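The primary structure of each chain is shown beneath.
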Amino acid sequence: MAAPALTGCFRNKKLQELRMSRLPAPLDRLSFPVIGSPLFIISTPSLVIEQCKAGVVGPMPALNARTTAQLEDSLAEITETLTAYNGANPDNLAAPFAINQIVHKSNDRLEKDMDLCIKYKVPIIITSLGAREDIYAAAHSYGGVVLHDVINNMFARKAIEKGADGLIAVASGAGGHAGVKSPFALIQEIRQWFDGPVALSGSIATGRAILAAQVMGADFAYIGSAFIASEEANAVEAYKQCIVECTSDDIVYSNLFTGVHGNYLKPSIVAAGLDPNNLGQSDPSKMNFGGNTTKAWKDIWGAGQGIGSISKVQKASEYIYQLKREYAEAKKRLSAVPA
């Protein structure tokens, strides 16, 4: 006999249980489906802390700390502050934080930085530019969860085969290093074989876009560029104002600056004396994340195509509350659409 069809709120409840059952802790406890994107140079412990307190996973690239010793200071500040916050707010716990590790051969700090992540039991590790089994095993040794960012289905399969717990699908329009795949194509291809945690990155800056990411099959929205315009961001005022004033028409896709294609703000390219319509080419061999290198992102500013909806510089918490309002309104409107 065929099983009876699930209907109404019972069906919705069962679907929710199924969705949550494949999310490992601490991702299964997030009250709001947003993971912040680690912003090179820009993400600071203060930004991470404010994101987490407002219910969003707050991330920071390990290399934002100029030395491994400074990274330990940052990890101590983040963990101690969030522990104190959770103790004072047992009914409104902070979201977990994440550390981004650049898994690239030129990152000569990777092993030492991972040792600190083990010491401080960083809840979420985000890996970029390479998938390594030993890094995943190190995170799993203390119960950490690893999300790996990918720009296509082939890289996604490799990351999961090597031990990553989940994926960040970096679609067309994402800030910084980004792919060219439509989010519709990338998510549907991944979901054909993978039932674990997936975050979608690419032009997401509103509550409506967060809900759209979930409708497409992602568990979380991955938001970065909008936080550049936060008061806590380590960005010069001109960069923040550029985020506020520019739109998707001002985004340039190029591999000149790091050897890997990424999205950048046209005004910063012009200010550097370059013609954004006639940029040269580079290749991945030019990428360097060694401890003494000059950071390409300092003068050439990365940003995604979603910045057109950013209208002001504000506190990270205020922006997150805005996202929550927009998300709730979008869900309400969608529920009113006839089936």
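Coordinates for the structure precede this section.
Here's what I pulled together on the structure shown here. This one's a predicted model, so the numbers in the text were calculated from it and none came from an experiment.

**Quick notes on a nonpolar patch on the surface**
Residues Ile151, Met154 and Phe155 make up a contiguous nonpolar surface patch of roughly 260 Å² in combined accessible area. Residue class for Phe155 comes out partly exposed when judged on its relative accessible area of 35%.

**Here we look at helix H4 (residues 110-119)**
Of all the residues in H4, the buried ones are Leu110, Asp113, Met114, Leu116 and Cys117. For H4, the angular spread of the buried residues around the axis is 155°, confining them to a single face. Of the exposed residues in H4, those oriented more than 90 degrees away from the buried face are Lys112 and Lys119. On its buried side, H4 packs onto helix H3 (68-88), strand S3 (97-102), strand S4 (124-128) and helix H5 (133-140). Looking one or two residues past H4, Lys121 carries a phi angle of roughly 50°, positive in sign.

**Some details on the sheet that holds strand S6 (residues 166-170)**
Spatially, eight strands are ordered S1-S9-S8-S6-S5-S4-S3-S2 in an open sheet, and the strand pairing comes out parallel. Edge positions in the sheet fall to strand S1 (34-36) and strand S2 (58-61), since each of these pairs with one other strand and no more. On average, adjacent strands in this sheet sit at an angle of 25° to one another, irrespective of strand direction. Sheet contacts for H4: S3 and S4; angle to S3, the most-contacted strand, approximately 165°.

**Things to note about the packing of aromatic side chains**
By convention here, two paired aromatic rings are described through the distance between centres and the angle between planes. In this structure the tally under the stated criterion is five aromatic pairs. For the pair Trp193 and Phe194, a centre-to-centre distance of 5.5 Å together with 45° between the ring planes defines the contact as tilted. With centroids separated by 4.7 Å and ring planes inclined at 10°, the aromatic side chains of Tyr239 and Trp301 adopt a geometry described as stacked. Residue Tyr239 is found in helix H9 (residues 237-245), and its partner Trp301 is found in the loop between helix H10 (266-271) and helix H11 (316-335); the two are separated by 62 residues along the sequence. Summarising the burial analysis for this pair, Tyr239 and Trp301 share the class buried. For the cation-ring pair, Lys324 lies above Phe32, with the distance from its terminal atom to the ring centre recorded as 5.7 Å.

**Quick look at the sheet that holds strand S10 (residues 251-254)**
Here three strands make up an open sheet; going across it, the order is S7-S11-S10 and the pairing antiparallel. Edge positions in the sheet fall to strand S7 (176-177) and S10, since each of these pairs with one other strand and no more. Examined bridge by bridge, S7 and strand S11 (residues 262-265) share two bridges and lie antiparallel to one another. Its bridge partner lying in S11, Gly176 is registered against Asn263.

Analysis parameters
Residues numbered from 1 in each chain as written. Predicted model: local features only at pLDDT ≥ 70, side-chain atom pairs only at ≥ 80, totals over all residues. Heavy atoms only, no water. Patch = residues over 30% accessible without salt bridge, like charges linked within 9 Å, V, L, I, M, F, W, Y side chains within 5 Å. Areas by Shrake-Rupley, 256 points an atom, 1.4 Å probe, with all protein chains shown as cover. Salt bridge = Lys/Arg side-chain N within 4 Å of Asp/Glu carboxyl O. Buried < 20%, exposed > 50% of the residue type's maximum accessible area, 1.4 Å probe, protein only. Helix = DSSP H or I, 4+ residues; strand = E, 2+ residues; numbered from the N terminus. Arc of directions from axis to C-beta. Contact = heavy atoms within 4.5 Å. Pairing = 2+ DSSP bridges. Axes fitted to C-alpha atoms, helices over the stretch in contact; angles between N-to-C directions. Phe/Tyr/Trp six-rings, centres within 6.5 Å; stacked < 30°, edge-to-face > 60°. Lys NZ or Arg CZ within 6 Å of the ring centre and 35° of its normal.

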